[in-house]
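# Working through the structure, step by step
Here are the chains, one letter per residue:
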Amino acid sequence: MRVYEGYGTGPPVYTIKGNQIYQGYGTGHPIYTLKGNQVYQGYGTGHPIYTIKGSQVFNGYGGGHPVYTIKGNQVYQGYGSGHPVYTLKDN
């Protein structure tokens, strides 16, 4: 799966392979690793940088306001209004 900016045009920003997220077309080392509902930098050590609760993404362990809201295959800032910041597409 690939992640594109905005409505999904142009080159991919990220490529998702299994539970790991890579920059661009998916070469090199992972920049993020998913473990359960949490997102970690690199290979998944240390503290989570994001926690996913339902369709919302929060900083760290999940307190405060959502950073992103996922609606279908699109990701919006905050509570999900306005234009999408990312669009996900199957490879």
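Residues numbered from 1 in each chain as written. Predicted model: local features only at pLDDT ≥ 70, side-chain atom pairs only at ≥ 80, totals over all residues. Heavy atoms only, no water.

As a further point, take the pairing of strand β10 (residues 86-89). Summarising the sheet, strand β1 (residues 2-5) and β10 pair through four bridges and their orientation is antiparallel. The partner of Val3 across the bridge, within β10, is Leu88. (Pairing = 2+ DSSP bridges. Helix = DSSP H or I, 4+ residues; strand = E, 2+ residues; numbered from the N terminus.)

Once that is clear, we can look at the pairing of strand β4 (residues 32-35). Relative to β4, strand β3 (residues 20-23) is paired through two bridges, and the arrangement is antiparallel. Looking at β4, one finds that Gln20 is bridged to Thr33. Pairing geometry for β4 and strand β5 (residues 38-41), over four bridges, is antiparallel. Bridge pairing in β5 places Thr33 opposite Tyr40. Between β4 and β5, which follow one another and run antiparallel, lie two residues, and Gly36 among them has a positive phi close to 65°.

One finds Val3, Tyr14, Ile21, Val39, Tyr50, Val57, Tyr68, Val75 and Tyr86 forming the largest nonpolar core, which totals nine residues. Setting aside residues no more than four positions away along its own chain, Val57 makes contact with Tyr50, Thr51, Ile52, Pro66, Val67, Tyr68 and Ile70. (Core = buried A, V, L, I, M, F, W, Y, C linked by side-chain atoms within 4.5 Å. Buried < 20%, exposed > 50% of the residue type's maximum accessible area, 1.4 Å probe, protein only. Contact = heavy atoms within 4.5 Å.)

A few words on the sheet that holds strand β7 (residues 56-59). The strand order β1-β2-β3-β4-β5-β6-β7-β8-β9-β10 describes a closed barrel built from 10 strands, whose pairing is antiparallel. Sheet twist, expressed as the mean angle between neighbouring strand axes with direction ignored, is 25°. (Axes fitted to C-alpha atoms, helices over the stretch in contact; angles between N-to-C directions.)

Functional significance is not addressed by these values, which are geometric in nature.
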